[in-house]
Amino acid sequence: MSSKRLRSDPESGAGRKRQLKRQELAELNPLLLEAKERVSEAWSRGLEYSHDQGLLVGTRPFTHCVISNFIQSQPFLEGLQNELLQLNFCEKSNDLYKFKQSDDLRKRKEYHISALRKVLFEDFRTWLSDIAGVKLETTVDLSCAKYEYTDVLLCHDDELEGRKIAFILYLVPEWGTSNGGTLDLYDSDEHYQPQQIAKSLTPSWNTLVFFEVSPTSHHQVSEILVEGKCRLSVSGWFHGSLLERPPRYIEPLSPRCPHIASDEQILYDWINPIYLDMSAQVHIQEEFEERSEMFLKDFFKKEKFQMVCEALHSPEIKWKRRGPANKRCYDRAEEDGLPDILAKCMELFCSEAMFLLLSNFTGLKLHFLAASNDEDDDEEEEEKEEEEEGEVEASDVNEHASSSTEKDIKSDSTDHEGDGSSEGEKVGTKENEAPGESPRNPGVPVCRGELRHWRNGYYTLIHDTNVENSEFALDLQLCCGCEGWDEEFGGITSYIAKAEDEELLTLCPEDNSLALIYRDKETLKFVKHINQRSISQCKRTREGTGFWDFSFVYYE
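Cut-offs applied
Residues numbered from 1 in each chain as written. Predicted model: local features only at pLDDT ≥ 70, side-chain atom pairs only at ≥ 80, totals over all residues. Heavy atoms only, no water. Helix = DSSP H or I, 4+ residues; strand = E, 2+ residues; numbered from the N terminus. Buried < 20%, exposed > 50% of the residue type's maximum accessible area, 1.4 Å probe, protein only. Contact = heavy atoms within 4.5 Å. Areas by Shrake-Rupley, 256 points an atom, 1.4 Å probe, with all protein chains shown as cover. Pairing = 2+ DSSP bridges. Axes fitted to C-alpha atoms, helices over the stretch in contact; angles between N-to-C directions. Expected span 1.5 Å × (residues − 1). Arc of directions from axis to C-beta. Parallel < 35°, antiparallel > 145°, perpendicular 65-115°, else oblique. Left-handed = near helix turned anticlockwise from the far one by under 90°. Nonpolar A, V, L, I, M, F, W, Y, C, P; charged D, E, K, R; others polar. Phe/Tyr/Trp six-rings, centres within 6.5 Å; stacked < 30°, edge-to-face > 60°. Disulfide = S-S within 2.5 Å.

Asks: For this particular structure, what's the right way to read the overall build of the protein chain?
Replies: Check the secondary structure of the protein chain and you find 15 helices and 24 strands. Within the protein chain, the proportion of its 556 residues that are buried is 49%. Sequence-distant contacts, at least 24 apart, represent 79% of the contacts inside the protein chain between residues at least 6 apart. Carbon and sulfur atoms provide 47% of the accessible area of the protein chain, an area that totals close to 27,800 Å².

Asks: What should I look at first to understand the sheet that holds strand β20 (residues 493–497) in this one?
Replies: Hydrogen bonds along the backbone pair up the strands of a sheet, which may run parallel or antiparallel. One open sheet holds the three strands; their spatial order is β21-β20-β23, and the pairing between them is antiparallel. The open sheet has two edge strands with one neighbour each: β21 (503–507) and β23 (523–527). Each strand of the sheet is rotated relative to its neighbour by a mean of 20 degrees, with strand direction disregarded. Pairing geometry for β20 and β21, over four bridges, is antiparallel. Paired with Ser-494 across the bridge in β21 is Thr-506.

Asks: When you look at unusual backbone geometry in this model, what are you seeing that I'm missing?
Replies: Negative phi is the rule for most residues except glycine; trans is the rule for most peptide bonds. Residues Arg-60 and Pro-61 are joined by a peptide bond in cis, for which omega reads 0 degrees. When you line up the elements, Pro-61 lands in the loop between β2 (55–58) and β3 (64–67). Cis geometry is adopted by the peptide bond preceding Pro-324, which originates at Gly-323 and carries an omega value of 0 degrees. With respect to the secondary-structure elements, Pro-324 resides in the loop between β15 (319–322) and β16 (328–333). Its identity as a non-glycine residue notwithstanding, Ser-292 has a phi of 65 degrees, on the positive side. Tracing the chain through its elements places Ser-292 in the loop between α8 (278–291) and β14 (293–296).

Asks: When you look at α8 in this model, what are you seeing that I'm missing?
Replies: The α-helix advances 3.6 residues per turn, and as a result positions three or four apart in sequence lie on the same side. Between its terminal C-alpha atoms α8 stretches 20 Å, which fits the 20 Å expected from 14 residues at 1.5 Å a residue. Buried residues of α8: Gln-281, Ile-284, Gln-285 and Phe-288, and no others. Projected down its long axis, α8 carries its buried residues within an arc of 100 degrees, all on one side. In α8, the exposed positions angled more than 90 degrees off the buried face are occupied by Ser-279 and Glu-290. Summarising the contacts, the buried residues of α8 are in contact with β14, α11 (352–362), β19 (473–480) and β22 (514–519). Just beyond α8, the residue with positive phi is Ser-292, at close to 65 degrees.

Asks: Looking at this structure, I do not really get the packing of helix α5 (residues 74–85) against helix α6 (residues 111–132). What am I missing?
Replies: For any two helices packed against each other, the geometry comes down to the angle between their axes and how far apart the axes lie. At a minimum axis separation of 8 Å, α5 and α6 run at an interaxial angle of 115 degrees. Put simply, α5 runs roughly perpendicular to α6. As α5 runs across α6, the sense of the crossing is left-handed. Note on element contacts: α6 touches α5 through Tyr-111, His-112, Ile-113, Ala-115 and Leu-116, opposite Phe-76, Gly-79, Leu-80, Glu-83 and Leu-84. The class makeup of the residues in the contact of α5 with α6 is seven nonpolar, two polar and one charged.

Asks: Looking at this structure, how should I read the packing of aromatic side chains?
Replies: Inspection of every chain in the model, using the stated rule, returns 22 aromatic pairs. Ring centres of Tyr-275 and Phe-299 lie 5.7 Å apart, and the angle between their planes is 35 degrees; this geometry places the pair in the tilted category. Of the two residues, Tyr-275 sits in the loop between α7 (265–270) and α8 while Phe-299 sits in the loop between β14 and α9 (302–311), which places them 24 residues apart along the sequence. For the ring pair Phe-349 and Phe-550, a centre distance of 5.8 Å and an interplane angle of 40 degrees mean the geometry is tilted. Residue Phe-349 is found in helix α10 (residues 340–350), and its partner Phe-550 is found in strand β24 (residues 547–555); the two are separated by 201 residues along the sequence. Just as Phe-349 is buried, Phe-550 falls in that class too.

Asks: I tried to follow the state of the cysteines on my own but got confused; where do I start?
Replies: Taken as a whole, this structure holds zero disulfides when the rule is applied. Considering cysteine sulfurs only, Cys-144 is the nearest to Cys-230, which forms no disulfide, with 7.7 Å between them. The class of Cys-230 is buried, set by a relative accessible area of 19%. Lacking any disulfide linkage, Cys-350 is separated from the closest cysteine sulfur, that of Cys-447, by 4.0 Å. Cys-350 sits in the buried class, given a relative accessible area of 17%.

Below is the structure:
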């Protein structure tokens with residue numbers, strides 16, 4: 001009898017425990033059932049619908065639903081929040097995102113997590129299947145994410161592995177738009193590429209958002225702008241059959257140009273003399289051929305670099321935002337109307353003399369005077385045959401063997417004064433042009449380049465339609481205005497092997513340092529998102545302007 005009284009006594013420990021569990025049941029907001037037909041009609045017909053008790057179906061820029069007070073019990077939500085915060089979180093960071101994520105929640109045994117999983121996988125999945133008019137599989141992805149200061153998830157569409165409907169349940173403290181962390185929804189163009197942010201949803205406690213995964217469901221989590229707050233959420237995907245996706249849009253290649261005719265005087269005007277010394281070039285090439293990378297500090301003469309930095313603040317420069325947001329976000333200078341010093345700097349990187357200098361630095365065949373390894377072998381073989389057959393004198397052989405050294409930049413810039421001509425003037429002549437070859441024929445060295453401006457919120461992403469990075473190439477980068485820049489600000493250029501996350505190389509912006517990187521078809525690169533931490537540093541040293549770089553790519 002006493003045991004029965006103990007089990008039924010609400011003041012006993014067991015009784016309080018059962019009462020607590022009853023208070024902490026995970027039950028859906030009854031409004032979902034009450035408004036089910038109206039929500040279903042709005043979803044299927046692409047109509048807007050709202051209920052004053054906190055249920056919204058939106059159609060712009062793509063159909064989505066916002067459910068306030070998703071779970072009825074506040075004690076349950078608090079218990080769920082506590083359990084989630086006790087989980088082990090793993091730092092996730094790559095080109096697309098930076099935040100902390102838990103392990104798969106499908107196998108967790110904690111009471112509140114298990115109860116949430118049950119209501120999502122059963123009651124809510126049935127309701128959602130009826131609303132969307134699709135059969136949802138029992139497979140559901142589920143994890144917990146913590147976004148804290150400077151964390152971000154950049155623009156993407158979620159399409160992967162049969163994902164049908166994406167959902168996010170927020171368990172955040174009091175939150176405002178000034179805190180960042182909004183769920184930004186993008187509209188799309190005719191190529192299914194994201195354009196502008198059309199709508200931003202501010203996270204709030206016990207609110208669930210869901211939308212159908214599609215070629216146009218581009219969205220992002222904006223950067224967290226406040227310290228000391230945690231944007232906690234449970235999110236995942238319901239799986240089902242996807243509609244056939246249209247072919248992914250492939251952007252046209254950026255224009256590539258052969259070198260601009262010039263003599264080496266342009267190098268002496270701009271470049272630190274130590275890099276024009278032939279012995280220095282030999283040493284640089286040896287190191288580059290061993291490592292496929294080289295960093296040349298103080299590359300420009302000090303006075304030239306200072307002039308460039310001052311000109312970058314000019315209001316004459318027309319900056320154009322480069323997108324789309326699922327691939328990149330930064331400003332590119334239009335070459336028309338550039339201040340004279342910047343136009344000459346762009347011309348330098350496209351000049352014949354620079355192509356030849358880069359050949360000397362790297363051993364790549366970026367100029368017809370630069371001998372490739374195969375040509376060196378052929379020359380040695382020819383010389384051997386000539387010696388054996390006695391067809392040429394030893395002095396002639398020595399002269400031929402040294403022909404490859406013609407590619408070296410001469411230390412005396414007066415060598416051309418006698419005849420009034422330059423190498424640049426000779427390149428286009430039939431005498432020096434390879435048979436059947438013109439400056440725009442395949443196989444002729446070319447380059448593409450741009451002047452870029454980087455600031456908070458800018459980045460580039462790796463994407464599977466990037467044909468620009470599918471070739472062997474030499475990357476060149478020279479940064480300006482980045483004094484005091486720190487890796488924790490972002491803006492780092494990262495190189496990784498295809499299908500791997502491990503970084504092969506990272507480049508932190510450094511004033512007047514020329515970076516040369518040779519990459520193959522399996523090497524990808526991106527610029528890490530520049531975060532909020534950069535702003536205070538910019539205000540102290542660069543008036544909040546971020547930094548700039550000259551970015552060029554050269555092809556043999």
